[in-house]
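Spelled out, the chains give:
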Amino acid sequence: MKRGSFKAMKNLNKSLILTKILNDGPISRAEIAKEIKLTPPTVGTIVKELIEQGIVKESAQGESKGGRKPTLLVIDYDAFYMIGIDAGPSEVAVILTNLAGEEIDTEMTALPATIAEQQFVRLLIEQVTAVLSRNQSYANRVIGIGVAMHGVVDAEQGIALYAPNLNLRDMPIVERLSDHFQLPVRIENDARALALSETWFGQGKASDKLLAVNIGSGVGAGVVLHGELYRGDSHIAGEIGHMTIDLNGDICSCGNKGCLQTVISGPAIQARATRLLASGVATSLNGTTPTAKTIFAHAEEGDRFSREVLHDTAVYIGIGLTNVIHTLNPDRIILHGGVMKASKYLLPVIKDTIEDRALTQTAKETEVLVSDLGDYATALGAVALILVELFKRNGEIHV
Ligand SMILES: [Zn+2]
């Protein structure tokens, strides 16, 4: 056996044991050995190493099946820390968490409307530095930085290929940040990071085929199949905002006509309401210029027109999701984003539309939920990029 392959196997066993403790802890050494089919001495040696590294600790004693009670093992979630960055399009959010994704500190700042590549990277570095310098006692135990970037991302090469709202291209973000902080850095598209966020910390934990959809100023989705992100052949899996819904619809930021994004995003809701008001179809809203936010506020006050605008938006969302259900057949769909703040009006209609249109009874009953992860959901997804590598086989981040 070659030395390299021996080392690789040892790391593989290590990550298998670590993942077992993560998923099933508190668990005894004997149970680990039995369940992942390793010899007790092998498990003993690796567990000793993991305890020395601080990531695993002994907890209470378990039930004895005759003889001495076994000591149980758990992950020490406070042994190491991670940084997650939600990068754009309108703001940069940074979160510092422990290994359980529990928040230690956060930082949020607005992005200027136009920004050059150098400035953008510098801003990310400044925000992370601010959080780290406020939390000196954690800083030397940070094991990695995750970046959730809007737009098209090449996760393997670590490059933000195209950020349409900022009009930035080909930014080697991973290289820049890892050079600066001397830490492993991972990058992913923001909607995909959101999906990962739900799988690790949210309502997607038990889901085997998860779709997370972000509906804000743009529309994107992330797909997690059997615990792994699905990216597609050229990084565009999940770009559901650009499925055509209306052949004669509005021009989308991508150049096509009638994309889903042109009917359900925040700016799309605003444009439709403005058009209806201008055409005299409706005369409410007291002459104010509608935005997605004010339409929600007026709906709350009982305004019929605003409720109709939200109803129509929900029908479009339901149609888009039905198309995705027919393509991917997920078991759960979790909705995110500013538009979903009006979920009270949207969700029932979305569910009815899927019920009306999906092909089979089980498809009609696909679970559709609104995320409960809050404003740092995407930054938490960036954190999850580090966890994936720490706990999964072939991961390159080790402690
Ligand atoms: Zn489009």
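Rules of the game
Residues numbered from 1 in each chain as written. Predicted model: local features only at pLDDT ≥ 70, side-chain atom pairs only at ≥ 80, totals over all residues. Heavy atoms only, no water. UniProt positions renumbered as here; feature names shortened; annotations may be inferred. Helix = DSSP H or I, 4+ residues; strand = E, 2+ residues; numbered from the N terminus. Rg over C-alpha atoms; globule rule 2.2 N^0.38 Å. Buried < 20%, exposed > 50% of the residue type's maximum accessible area, 1.4 Å probe, protein only. Contact = heavy atoms within 4.5 Å. Areas by Shrake-Rupley, 256 points an atom, 1.4 Å probe, with all protein chains shown as cover. Lys, Arg positive; Asp, Glu negative; His and termini not counted. Charge placed at Lys NZ, Arg CZ, Asp CG, Glu CD. Domains from an automatic or database assignment. Donors = N, O, S within 2.8 Å, 3.2 Å for Na, K, Ca; no water. Tetrahedral: all angles 85-135°; square planar, octahedral: opposite > 155°, others 65-115°. Pairing = 2+ DSSP bridges. Axes fitted to C-alpha atoms, helices over the stretch in contact; angles between N-to-C directions. Salt bridge = Lys/Arg side-chain N within 4 Å of Asp/Glu carboxyl O. Polar contact = N/O pair within 3.5 Å; in protein donor to acceptor, adjacent residues only side chain to side chain.

With an unreviewed UniProt entry as reference, the protein chain is termed MarR family transcriptional regulator, source organism Streptohalobacillus salinus. Reading the Function (unreviewed entry) entry of the UniProt record for the protein chain gives the comment "Transcriptional repressor of xylose-utilizing enzymes." Here is the UniProt Sequence similarities (unreviewed entry) comment for the protein chain, exactly as written: "Belongs to the ROK (NagC/XylR) family."

So what's going on with the overall build of the protein chain? Residues and values would help.
When its secondary structure is counted, the protein chain shows 14 helices and 16 strands. In terms of overall size, the protein chain behaves like a compact globule, its C-alpha atoms giving a radius of gyration of 24 Å where 399 residues would be expected to give roughly 21 Å. Here the C-alpha coordinates of the protein chain stretch approximately 80 × 50 × 40 Å along the principal axes. For the protein chain, the residues scored as buried account for 50% of the 399 residues in total. At a minimum sequence separation of 6, the contacts of the protein chain that also span at least 24 residues come to 60%. Accessible surface, the protein chain as shown: approximately 19300 Å² in total, 49% of it carbon and sulfur. The protein chain carries 38 positive and 46 negative side-chain charges, and their two centres are separated by 6 Å.

Explain the side chain of Thr 353 to me, and be specific about the residues and the numbers.
Summarising the element assignment, Thr 353 is placed in helix H12 (residues 343-357). When its relative accessible area of 6% is taken as the criterion, Thr 353 is described as buried. Leaving out residues up to four positions away in the same chain, Thr 353 has contacts with Ala 314, Val 315, Gly 318, Ile 319 and Thr 322.

Can you break down the domain arrangement of the protein chain residue by residue, with the values?
The domain architecture assigned to the protein chain consists of domain 1 (3-75), domain 2 (81-197 + 377-391) and domain 3 (206-370). The distance between the C-alpha centroids of domain 1 and domain 3 comes to 45 Å.

Outline the coordination of the zinc ion, listing residues and values.
Each donor-metal-donor angle in an ideal tetrahedron of four donors is 109.5 degrees, and each such angle in an ideal octahedron of six donors is either 90 or 180 degrees. Taken together, His 242 (ND1), Cys 252 (SG), Cys 254 (SG) and Cys 259 (SG) make up the protein donors of the zinc ion, found 2.0 to 2.3 Å from the metal. Coordination at the zinc ion comes from 4 donor atoms whose angles at the metal span 105 to 124°, giving a geometry best classed as tetrahedral. Here the donor residues of the zinc ion are spaced in sequence according to H-x9-C-x1-C-x4-C. Of the two residues, His 242 sits in the loop between strand S14 (228-229) and helix H8 (261-264) while Cys 259 sits in the loop between S14 and H8, which places them 17 residues apart along the sequence. Taking relative accessible area as the criterion, His 242 reaches 25% and is therefore assigned partly exposed.

Outline the sheet that holds strand S6 (residues 103-110), supporting the account with residue identities and numerical values.
An order of S6-S5-S4-S7-S11 is seen for the 5 strands of this open sheet, with the pairing classed as mixed. Strand pairing shows two members of the sheet lacking a second neighbour, S6 and strand S11 (185-189), which therefore form its edges. Going across the sheet, the axis of each strand differs from the next one's by a mean of 15°, ignoring polarity. For strand S7 (residues 142-149) and S11, the ladder comprises 5 bridges, and the chain directions are parallel. Bridging from a neighbouring strand, Ile 145 pairs with Val 185 of S11. Contacts from helix H6 (residues 173-181) reach strand S4 (81-87), S7 and S11, with the element oriented near 150° to S11. Helix H7 (residues 190-201) rests against S7 and S11 of the sheet, and its axis sits at about 105° to S11.

Explain the side chain of Asp 303 to me, and be specific about the residues and the numbers.
Here Asp 303 shows up in the loop between helix H10 (292-300) and helix H11 (304-328). The buried charged residue Asp 303 lacks any salt bridge partner; its closest oppositely charged side chain belongs to Arg 307, at an N-O distance of 7.9 Å. Only 2.5 Å separates the side chain of Asp 303 from the side chain of Ser 306, close enough to count as a polar contact.

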